[in-house]
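Examination of the molecular architecture
Now for the letters of each chain:
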Amino acid sequence: MAYSDKVVDHYENPRNVGSFAKDEPNVGTGIVGAPECGDVMKLQLKINETGVIEDARFKTFGCGSAIASSSYVTELVKGKTVDDALQIKNTHIVEELSLPPVKIHCSVLAEDAIKAAISDWKTRHGEAEAAQSAAANE
Amino acid sequence: MGRVIYMDNHATTQVDPRVMDAMLPYFTEHYGNSASRNHKFGWDAEGAVDRAREQIARLFNARPKEIIFTSGATESDNLAIKGVVEFYKEKGNHIVTAVTEHKAVLDTCKALERAGKAQVTYLPVDTYGLVDPDDVRAALTDRTILISIMHANNEIGTIAPLREIGRIAKDKGIFFHSDATQGVGKLPVDVEAMGIDLMSFTAHKIYGPKGCGALYVRSKGPRVRLTPMMDGGGHERGMRSGTLNVPGIVGLGKACELAAAEMDTEAARLLELRERLSQGIMGQLDEVYLNGHPTQRLAGNLNLSFAFVEGESLLMGLKDIAVSSGSACTSATLEPSYVLKALGVGEDLAHTSIRFGLGRFNTAEDVDHVVERVVHEVRRLRDMSPLYEMAKEGIDLKTFQWARE
């Protein structure tokens, strides 16, 4: 199977590889997929007080298309609000990277990773705010 | 891109220049039809085919007339299994084979089951990929007409105990077929000593051309008969009609002659290269696992799982090296290797497997380059792998709650 130039570029020069500390309240972590399925993506988003994604990191176990999808997503979400990021559809990733039909699941996983990371942030952010207001009330 | 190192010799091999030289005159000079009985062109072609039959038969102690030429090992497997089932349908309909066989055997058996022509027992294998001869014996019924067990596995290189299985087949008077595509020319084969009645193999795995294979069909002690799959001119003792591929057959003959002459030295050389490859990789990387048997395997075969690194992504990084992967992503089915699964290799590790197939034209320099590239790419991809990070943090990947699709 021949890979598109963009997939090769993201695979060879992945953007934003790495990890943030998981316990920071402004970081949301999404881990999707499973090792026995051959794909696991970890996407982390650093989200500021106004709900804007300031930074992103990823680590991916998976084929070149899975790595490229997650690498591309880290670029795509930066600067977006949480609400805008939740609107990203896998078809956008498919088009950008020219993924063949057999690799569409990689883009679905990347979309899921965004949702999982934001959901984690919302949970933890809510907890942090609750803790703050609780502290203020004491 | 500079030179690409070919290390996928279980898939196919480069034609040896000595084989090609032997073939060339049969395209342009001696281009006769070996079935033309009344002129020199036909006689020359027939003579070449007869010489090839002798070269081939000598490699595994058969009689020249027992060699039936085909288009390759897939056709040979089909002809052996379907031919026996059809011809001996009055006698029985049960086949014993194993789960790790090549698809040419497994899918042939499945087609016969679907058509209601055979019942098939698919024997399990142990963690090394070995079939237990006792399991073969226990699976036999009074309706069993064929045992089909491959010689050496194409993915993991495990070598089956053919001699023991052949003895069981002889005891019970059941035909024994072996798909020896990966074994013939690389491992000593003696159809008499090993009790083999039918054997499939092909030229392109032993430095000959693609499109030419053969089926060994025992002619006495006992004589095996087959119903042909194609009707036509009655070539090859009526078992396989069709004008013979004379240049291909000359190539197969020459390839067998070379394999016989060089087998011992070549096996020793390949074993040394494999040790160099294996030690070079495993000495520098942790969490690399060998798939298949540690010693009872083809000298040129090394199948490794690189935990936490998906196989296709590793192949993509090794773009100047031709190897193959048991990863699902390299197949159309999205299922990882059924062979590794049968060994009990978890799907997580099956996705990370790479098959190295060393061959006649690989050198120590090739191996050193491959070691360097593999180590570099595995390290790079592990730095990018969430699984490697989690494992290093002490998270148990087996019990972690994955968000499955």
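Residues numbered from 1 in each chain as written. Chains lettered and ligands numbered in written order. Predicted model: local features only at pLDDT ≥ 70, side-chain atom pairs only at ≥ 80, totals over all residues.

**Looking at the overall build of chain B**
- Looking only at helices and strands, chain B features 13 helices and 13 strands.
- Along the first, second and third principal axes, the C-alpha set of chain B runs to 75 × 50 × 35 Å.
- Out of the 405 residues belonging to chain B, those deemed buried represent 52%. (Helix = DSSP H or I, 4+ residues; strand = E, 2+ residues; numbered from the N terminus. Buried ≥ 20, exposed ≤ 12 C-beta atoms within 10 Å, placed from the backbone.)

**Let's talk about the overall build of chain A**
- Helix and strand counts for chain A come out as five helices and three strands.
- Listing the helices and strands of chain A from first to last along the sequence gives α-β-β-β-α-α-α-α.
- Whereas a compact globule of 138 residues would reach a radius of gyration of roughly 14 Å, chain A reaches 16 Å, a difference of no more than 12%.
- In terms of overall dimensions, chain A has C-alpha extents of about 65 × 30 × 20 Å along its principal axes. (Rg over C-alpha atoms; globule rule 2.2 N^0.38 Å.)

**Comments concerning helix α4 (residues 73-87) of chain B**
Residue and element names in this part refer to chain B.
- For α4, spanning 15 residues, the distance from its first C-alpha to its last is 20 Å, which sits close to the expected 21 Å at 1.5 Å a residue.
- Of all 15 residues in α4, twelve are buried, a share of seventy percent or more.
- Within α4 the residues assigned to the buried category are Ala73, Thr74, Glu75, Ser76, Asp77, Leu79, Ala80, Ile81, Lys82, Gly83, Val84 and Val85. (Expected span 1.5 Å × (residues − 1).)

**Structural notes on the domain arrangement of chain B**
Residue and element names in this part refer to chain B.
- Taken as a whole, chain B is organised into domain 1 (5-9 + 263-392) and domain 2 (17-259).
- If you average the C-alpha positions of domain 1 and of domain 2, the two centres end up 30 Å apart.
- On the side of domain 2, 20 residues touch domain 1, which itself brings 18 residues to the contact.
- Here the side of domain 1 that touches domain 2 is built from residues that sort into six nonpolar, nine polar and three charged. (Domains from an automatic or database assignment. Contact = placed C-beta atoms within 7 Å. Nonpolar A, V, L, I, M, F, W, Y, C, P; charged D, E, K, R; others polar.)

**Description of the interface of chain B and chain A**
- Facing the 23 residues of chain B at the interface are 23 residues of chain A.
- Looking at the side of chain B that touches chain A, the elements that each hand over two or more residues are α9 (311-317), α11 (347-350) and α13 (386-392) of chain B.
- Looking at the side of chain B that touches chain A residue by residue, the class counts come to eleven nonpolar, five polar and seven charged.

**A word on the pairing of strand β6 (residues 175-179) of chain B**
Residue and element names in this part refer to chain B.
- Of all five residues in β6, five are buried; the element is thus mostly enclosed.
- Side chains of β6 alternate between two faces, with Phe175, His177 and Asp179 and Phe176 and Ser178 buried alike.
- Handedness of the β-α-β unit built from strand β5 (residues 144-148), helix α7 (residues 162-172) and β6 comes out right-handed.
- Bridge count for β6 against strand β7 (residues 198-202) is three bridges, and the pairing is parallel. Paired with Ser178 across the two strands is Met199, which belongs to β7. (Right-handed = clockwise from strand over helix to strand, strands pointing away. Pairing = 2+ DSSP bridges.)

**A look at the packing of helix α3 (residues 40-59) of chain B against helix α8 (residues 246-282) of chain B**
Residue and element names in this part refer to chain B.
- The N-to-C vectors of α3 and α8 enclose an angle of 30°; their axes lie 8 Å apart at closest approach. As summarised for this structure, α3 and α8 are arranged roughly parallel, according to the angle between their axes. Crossing of α3 over α8 shows left-handed handedness. Across the interface between the two elements, Ala45, Ala48, Val49, Arg51, Ala52, Gln55, Ile56, Arg58 and Leu59 from α3 touch Val246, Ile249, Val250, Leu252, Gly253, Lys254, Cys256, Glu257, Ala259 and Ala260 from α8.
- Residue composition of the contact of α3 with α8, by class: 13 nonpolar, two polar and four charged. (Axes fitted to C-alpha atoms, helices over the stretch in contact; angles between N-to-C directions. Parallel < 35°, antiparallel > 145°, perpendicular 65-115°, else oblique. Left-handed = near helix turned anticlockwise from the far one by under 90°.)

**Considering the nonpolar core**
- Leu45 and Ala113 of chain A are the most contacted members of the largest nonpolar core, which has 153 residues in total.
- When we break this core down by domain, the ones giving at least three residues each are domain 1 (5-9 + 263-392) and domain 2 (17-259) of chain B.
- Residue contacts for Leu45 of chain A: discarding those within four places in its chain leaves Val27, Gly28, Ile53, Ala56, Val77, Ala117, Ile118 and Trp121 of chain A. (Core = buried A, V, L, I, M, F, W, Y, C linked by C-beta atoms within 7 Å.)

**Here we look at the environment of Arg18 of chain B**
- Within the secondary structure, Arg18 of chain B is located in helix α1 (residues 17-23).
- Excluding its chain neighbours within four sequence positions, the residues that come into contact with Arg18 of chain B are Lys254 and Leu258 of chain B.

**Brief notes about the sheet that holds strand β9 (residues 288-290) of chain B**
Residues and elements named next belong to chain B.
- Across the sheet, four strands lie side by side as β9-β10-β13-β12; this open sheet has antiparallel pairing. Bordering the open sheet on either side are β9 and β12 (324-325), each of which pairs with just one other strand.
- Both strand β10 (residues 301-306) and strand β13 (residues 353-357) contribute to a ladder of five bridges, which runs antiparallel. When the sheet's bridge partners are listed, Ser305 is paired in β13 with Ser353.
- Against the sheet, α8 engages β9, β10 and β13, with an angle of about 10° to β10.

**Quick word on the confidence of the model for chain A**
- The predicted model of chain A averages 91 in pLDDT, with 91% of residues at 70 or higher.
- Confidence, expressed as mean pLDDT per element, reaches its minimum in chain A at helix α5 (residues 104-137) of chain A with 84 and its maximum at strand β3 (residues 53-61) of chain A with 97. (pLDDT = per-residue confidence, 0-100.)

**With respect to the confidence of the model for chain B**
- Residues with a pLDDT of 70 or more make up 97% of chain B, whose mean pLDDT is 95.
- Our summary of model confidence lists the complex with pTM equal to 0.92 and ipTM equal to 0.90.

**Description of the pairing of β3 of chain A**
Residue and element names in this part refer to chain A.
- Where strand β2 (residues 39-47) and β3 come together, eight bridges link them in antiparallel fashion. Bridge pairing links Lys42 to Lys59 in β3.
- From the end of β2 to the start of β3, which pair antiparallel, there are five residues, and Gly51 there has a positive phi angle of about 80°.

**Some thoughts on unusual backbone geometry**
- Across the junction of Gly221 of chain B and Pro222 of chain B, the peptide omega takes the value -5°, indicating a cis bond.
- You can see Pro222 of chain B is positioned in the loop between β8 (213-217) and α8.
- A positive phi angle, close to 60°, is found at Asn16 of chain A, a residue other than glycine.
- Within the secondary structure, Asn16 of chain A is located in the loop between α1 (5-12) and β1 (27-34).
- For Ser98 of chain A, which is not a glycine, the phi torsion comes out positive at approximately 50°.

**Side note on the sheet that holds β3 of chain A**
All names here are of chain A.
- Read across the sheet, three strands follow the order β1-β2-β3 without closing on themselves; strand pairing throughout is antiparallel. Each edge of the open sheet carries a strand with a single partner, namely β1 and β3. Taken pair by pair, the neighbouring strands of this sheet meet at an average axis angle of 10°, ignoring direction.
- Most of the contacts of helix α2 (residues 64-77) go to β3, to which it runs at about 175°, and overall it touches β2 and β3.

**Digging into α1 of chain A**
- Three or more residues of α1 of chain A are buried, namely Val7, His10 and Tyr11 of chain A. Burial along α1 of chain A is one-sided: seen end-on, the buried residues are contained in an arc of 100°. (Arc of directions from axis to C-beta.)

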